[in-house]
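Single-letter residue listing:
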Amino acid sequence: MISLFVLIIIAAGYPYGAHAYLDPGTGSYAIQVLVGVVFGAAYTLRSFGGRIVTGFKQRFGKKQPADTPSDDTEE
Amino acid sequence: MTSGLYTELSSSGLLVSHEETAETPAVKEIAYKVIKPEQLPFISYPYEWSFSQLKDAALLTLDIQKRALAHNLSLKDASAYNIQFVGSQPILIDTLSFERYEAGSPWVAYRQFCQHFLAPLALMSLVDLRLNGLLREYIDGIPLDLASRLLPAKTRLNLGLLTHIHLHAGSQKNLADKQIAPTRYHLSQEALLGTLDNLQATLRGLQFPEQVTEWGEYPDNTNYSRAAHDAKTDFIRGWLEDIKPNRVCDVGANAGEFTRLGVESGAFSVASDIDPVAVERNYRKARAEKDRHLLPLVIDITNPSPGLGWASAERASFLERAKADVVFCLALIHHLGISNNLPFEQIADLFAAMTPYLVIEFVPKRDSNAQKLLASRKDIFPNYTAEGFEAGFSHRFSIVHKESISDSQRTLYLLKRKD
């Protein structure tokens, strides 16, 4: 193990799935995709939630002297 | 290497550094390079780790996976054996685990991560601390259907545990004999990152259980007076100054009080103990001090980790790994000689195989803690005396120092192995 000090690197680049180093498990891929929808939505909301909240504040909040229109960034 | 990930990880101490060598590869035709990784002081395995050690290893794996994705790379496996501890600091040792991230592909190592990290931690936190022993039985992590069955029903109310353990197990069962081409599965990068975030949050939510163990509170309940404790400390400190060990192994170390004398003397020190609460306490203290020279482990010296895996040699046994320059056997001999019925000669043989120097404390029957061991059993130990102890050890060790510990019934010895 670590006491063996020589390792051989085999060039990375196996097409995923076809010759994966590890058996990912069909069931594991399936559940990942299924629940990924929920986690992905949560992630997107969290990342852009800040901007959505700021956008709302600028549009519906108290008018400030230097009121700038909220920017609608492409997401 | 060119992605910058290696530099980022190794300079933060998260991945072992390596150097390229000019060694001849074993199989030239497929070899790209031969690398030599930095050598680590001690190899330990997940079934020897306390709760927080396993949890920190899990969180490190997720952290590294997120950083890899930022460089368009991904971990191709998430085995707990890819993490080692340098003292209290976890580090990834599998330099070769990175592959190019193909946008849209699910994480190939997700199953392994759930089995190696999430399942055992959930079981330790929510059922019983001792369930980490299942990792010795299942060397590729705990099967999710087993974890699902053992976890309490209320865990289905936790989104992370529901999805990554319960539904995951169900999905594995339903699709067990179906083969669908992996290219049919699409997972966006946001979904993958969201999943990693949820795994992190779920893990962080798993707390160390309020479990009462036999030796968890021992440091607060010893039968040593301040004077006795200080006398013992002074003797050991002085002997270590003479020997100057590189490596110390403390057997029955509890929370590592005396193991730290080994660290103080400049040695890399392993603090092994049977009690998972004691080891947890020790680890948290070492981690808070970022101690890279103290490694706490959960080990029962009367039944230490055996060789496991293929040919019983994939994972070396604890005794093969635990050779040291000095071994401590403090406040332990009565458990071995009385509770475990071991003759002194056999105890001596075990330690002689480990070390040339043994710091050992003889606890006589009249000691109050030894009395507790005899309280409910017949005293069948006529040979368990100081004379018996010295005679029993004399065929493997000679006595260098022998000191009575003031204010105590106990005697401290420094023994040297006869070669």
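Residues numbered from 1 in each chain as written. Chains lettered and ligands numbered in written order. Predicted model: local features only at pLDDT ≥ 70, side-chain atom pairs only at ≥ 80, totals over all residues. Heavy atoms only, no water.

Caption draft 1: Geometry of the layout of surface pockets. Residues and elements named next belong to chain B. Of the pockets and cavities examined, the second largest pocket occupies roughly 770 Å³. Among the secondary structure elements, those contributing two or more residues to the lining of the second largest pocket are helix 8 (226–243), strand 7 (247–251), strand 8 (268–273), helix 12 (333–339) and helix 14 (368–374). The element that contributes the greatest number of residues to the lining of the second largest pocket is helix 12, accounting for four residues. Looking at side-chain class alone, the lining of the second largest pocket contains 16 nonpolar, twelve polar and eight charged residues. (1 Å grid on protein atoms, 1.4 Å probe; cavity = no way out; pocket = protein on both sides within 12 Å on 5 of 7 lines; lining within 4 Å. Points joined across faces, edges and corners; volume = space filled by probe spheres on them. Helix = DSSP H or I, 4+ residues; strand = E, 2+ residues; numbered from the N terminus. Nonpolar A, V, L, I, M, F, W, Y, C, P; charged D, E, K, R; others polar.)

Caption draft 2: Highlighting a nonpolar patch on the surface. Together, L45, I52, F56 and F60 of chain A make up a nonpolar patch on the protein surface, roughly 450 Å² of accessible area in all. In this structure, F60 of chain A sits in helix 1 (residues 26–60). (Patch = residues over 30% accessible without salt bridge, like charges linked within 9 Å, V, L, I, M, F, W, Y side chains within 5 Å. Areas by Shrake-Rupley, 256 points an atom, 1.4 Å probe, with all protein chains shown as cover. Salt bridge = Lys/Arg side-chain N within 4 Å of Asp/Glu carboxyl O.)

Caption draft 3: Region of the structure containing the sheet that holds strand 9 (residues 294–298) of chain B. Residue and element names in this part refer to chain B. Taken in spatial order, the seven strands of this open sheet run 9-8-7-10-11-13-12, and their pairing is mixed. For this open sheet the edge positions go to strand 9 and strand 12 (397–404), each flanked by a neighbour on one side alone. Taken over all neighbouring pairs, the strand axes of this sheet differ in orientation by 15° on average, direction set aside. For strand 11 (residues 357–362) and strand 13 (residues 411–417), the ladder comprises six bridges, and the chain directions are antiparallel. Bridge pairing in strand 13 places E361 opposite L412. Sheet strands in contact with helix 10 (residues 276–288) are strand 8 and strand 9, and its direction is about 160° off that of strand 9. Helix-sheet contacts for helix 15 (residues 386–393) involve strand 11, strand 12 and strand 13, and the interaxial angle to strand 11 is about 165°. (Pairing = 2+ DSSP bridges. Axes fitted to C-alpha atoms, helices over the stretch in contact; angles between N-to-C directions. Contact = heavy atoms within 4.5 Å.)

Caption draft 4: Spatial organisation of the pattern of salt bridges. All names here are of chain B. Summed over the entire model, instances satisfying the criterion amount to 22 salt bridges over all chains. The closest approach of N and O atoms between D56 and R287, which form a salt bridge, is 2.7 Å. Highlighted residues: D56 in helix 2 (residues 51–70) and R287 in helix 10, separated in sequence by 231 residues. If you follow the salt bridges from partner to partner, you end up with K232, E361, D367 and R410 in one network.

Caption draft 5: Looking closely at the interface of chain A and chain B. With 34 residues of chain A at the interface, the matching set in chain B holds 57 residues. Note on chain A versus chain B: buried area summed over both sides is about 4,100 Å², and carbon and sulfur give 70% of it. At the surface where chain A touches chain B, the tally comes to one salt bridge. The salt bridge involving D197 of chain B is made with R46 of chain A; its shortest N-O contact spans 3.1 Å. On inspection of chain A and its partner chain B, the count reaches five residue pairs in polar contact (both at pLDDT 80 or more). Residue assignment for the side of chain A that touches chain B shows that the elements contributing at least two residues are strand 1 (7–9) and helix 1 of chain A. (Buried area = accessible area lost by both parts, 1.4 Å probe. Polar contact = N/O pair within 3.5 Å; in protein donor to acceptor, adjacent residues only side chain to side chain.)

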